[in-house]
Structure formats: C-alpha cells, structure tokens
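# Structural overview
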Amino acid sequence: MDEMLSEQDRKALLAAAVLAPSMHNTQPWRFRFADRAVEVYRDRERELPAEDPSRRMLFVSLGAAIFNLRVAAAARGMGSVVRHLVDQRRPDLVAVVELEAAPNDPMAALAPYLTERRTNREPFTEQRLPAQLRVELDLCARVEGAVLQWIDKPTRRWWLQMATNEAVTADDEDKARTAERRRWVGGDRTADGVPSSALGSRAAGGAPVVRDLAATEADAARPAADFEREPQLAVLATRFDGPIEWLRAGQALEHVLLEATARGVSTSMLNQAIEHEELRGEINDPLGPWQRPQSVIRFGYGTQVRPTPRRPAEDVLLGD
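Now for a description of the structure that goes with this document.

Criteria and thresholds
- Residues numbered from 1 in each chain as written.
- Predicted model: local features only at pLDDT ≥ 70, side-chain atom pairs only at ≥ 80, totals over all residues.
- Heavy atoms only, no water.
- Axes fitted to C-alpha atoms, helices over the stretch in contact; angles between N-to-C directions.
- Helix = DSSP H or I, 4+ residues; strand = E, 2+ residues; numbered from the N terminus.
- Parallel < 35°, antiparallel > 145°, perpendicular 65-115°, else oblique.
- Left-handed = near helix turned anticlockwise from the far one by under 90°.
- Contact = heavy atoms within 4.5 Å.
- Nonpolar A, V, L, I, M, F, W, Y, C, P; charged D, E, K, R; others polar.
- Salt bridge = Lys/Arg side-chain N within 4 Å of Asp/Glu carboxyl O.
- Buried < 20%, exposed > 50% of the residue type's maximum accessible area, 1.4 Å probe, protein only.
- Phe/Tyr/Trp six-rings, centres within 6.5 Å; stacked < 30°, edge-to-face > 60°.
- Lys NZ or Arg CZ within 6 Å of the ring centre and 35° of its normal.

### Thoughts on the packing of helix α2 (residues 56-75) against helix α7 (residues 243-262)
One can describe the packing of α2 onto α7 by two numbers: an axis separation of 6 Å at closest approach and a directional angle of 55°. With respect to each other, α2 and α7 are oriented oblique. For the pair α2 and α7, the sense of crossing is right-handed. Here α2 contributes R56, F59, V60, L62, G63, A64, I66, F67, N68, R70 and V71 to the contact with α7, which in turn contributes P243, W246, L247, G250, Q251, L253, E254, H255 and L258. Looking at side-chain class alone, the contact of α2 with α7 contains twelve nonpolar, five polar and three charged residues.

### What to know about the pattern of salt bridges
Within this structure, the stated rule accounts for 31 salt bridges. A salt bridge links D9 to R76; its shortest N-O distance comes to 2.5 Å. Here the residue D9 occupies a position in helix α1 (residues 7-17), and R76 occupies one in the loop between α2 and β3 (78-84), the gap between them amounting to 67 residues. Overall, R76 belongs to the partly exposed group, its relative accessible area being 36%. Two residues, E39 and R32, come together in a salt bridge whose shortest N-O distance is 3.8 Å.

### Topic: the packing of aromatic side chains
Each aromatic ring pair is described using two quantities: the centre-to-centre distance and the angle formed by the ring planes. Applying the stated criterion across every chain, the model contains three aromatic pairs. Each ring, one from F59 and one from W246, has its centre 6.1 Å from the other, and the planes form 55°; the classification is tilted. With F59 in helix α2 and W246 in helix α7, this pair connects stretches of sequence that are 187 residues apart. One exposure class covers both F59 and W246, and it is buried. With a centroid separation of 4.9 Å and an interplanar angle of 40°, the aromatic rings of W150 and F299 are classed as tilted. In this pair, W150 is assigned in strand β5 (residues 147-150) and F299 in strand β10 (residues 292-300), connecting sequence segments 149 residues apart. An identical accessibility class is assigned to W150 and F299; each is buried. The side chain of R298 reaches across the aromatic face of F124, ending 3.5 Å from its centre.

Any functional reading would require information beyond the geometric quantities listed.
See the structure below:
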C-alpha cells in the first residue's frame, strides 16, 4: 500500500476510534494522520488526576481506541502494526498505528459491532454464559497479551466485593474525586461524559454489581431495580505493569468487549478497586498466578441501552 490514506479512509478510522470506552466517557485522545500511519496522542485536558492519578485508565482507554482503529482498518482491507512509544520529544504521543495492505484480516468481522458496543448499567438476567464462549473471550484477551480470569469461587467474589466497597467509601470521602465526577457525570450531555440517561438503575438492595456514578442528588434518587444474584465477573490482567502494558490491556479489553457484543452479551465495568493502588492487590487470587489487574468486567444478557455521546471528528483530529 504505497498511496496515502484517502479522505474516506480517514473518516472511517476516526469514526471508529472515538467509539472506544473511556473512564467517565472523557474521550481523552487525539489523532494525527501521517502518510500511511495514525499517530495516537493523549489529551491532557481530559485526564482525571484525582480519580486516575497513575493514568492507568487513561492508557487503557487509549489502547481501546487503538484497537478500534485496527478493526476499522481491517474492514477497509488494511492490516495494522502498533508501535507503542515513550518519546521525550513528544510526550503526548503514545503510539503509532502503521497500516499496510491486508485484504483478508479476520479482525474485519468485528467492524459491524463498533457502533453496537455499549456500557450497560442495567440489570442482567440470570442466564449464564456458555463455557465455550468464556474460553473464546479469554482467547481474545490472550491474542492481545492479556488474560481473562473468571471469578467463579465464592470466596474470591466476596474478596472482590470487599475491595470494591472499600473503594466506593474512599471515593465518597474524597472531595477531589467527587468534584471531578460532577464535572463529567450527569445532566443532558451531547458530546462527552456520562449523561443521566446512561446511569442505569440503582441497585434495589444487597451488594451492588454495577458502578453507581451518580454525582447529584437527583441522579442518586433515580429508580431502583433488582440486579442479578450471581454476577458473572472476570478480571482482565497482564503479566507486567506500566503505560505500554496498559495500552496492550486496553486493546485486549476492547477485543473482548466487541466479541461479547457480537455474541449478544452485554458488559459493564466494575473498576473502583482498580483505581485505588492500595486496593488493586486485593483483586488477585491469593492461590492463583500473580497478575496485574487492569479491569473488572461484568458480563450477562440484558436489555438494549442507548449509546453515550461522542465528540465530533474535528475535535479529535490534529493538523499536519
């Protein structure tokens, strides 16, 4: 592929990239086209210094956007090679996605589900995922250099719930975190953030299995509902830690989420403990192999929910 990307190619790649999930839907990314490559940048104005002090979730979000770029490229007959970067001259540049001709890339099969993927904070049914599907979702994570650890033991599920409860308490007591959340959550949003309509139902009782992002009294008083008794949870983990590993984790996360969407499975995140460094270690299975947890995913079968807003392409595209 010797020619530069066409205008149609560029529009398709950008449209796919901005559909990636991000913490509080801040969409902390920007992109620049350079011949046959896409440069991926962090957007520091959209970072969350209080709730994401290590910037772990920032890089996971950027990794998810990179994966969407790869899927969109495959749908247009292009393969992709990702170079993760630490460039002191350009500190906001995190990766370059190089494109080449590859007319039969199997990733293209995920392209129809880019616009269908949602974060679903509503109740799921009690229907269990088939065992083979769980294996296949784990394979999606492994292809990208991560693993998907299903939380089946009641003791480990209890341990995760305790860590999550501690994180929720810590969040509520931290004025900087709650102020940051009020900036991005609630109201009638049209370009970014999480609108009130996307918060889902409150848990009617017992230990909540969804994250309650309510930042105002009105949102905290929204209708309640009964959620599944035994949530189907998995930890997305990597062997190592650090920004480059977080970018890989983000690509693994989005691969899992898109494959789940393709199979009719709904998902949401339960990342409260992940965002507190002192609690992340409690997510590991004491008797299992040591891994670095990067995200906690809830799977199940739920009703269809509306998408959250996305920034227009001109807001995320950097000039030459």
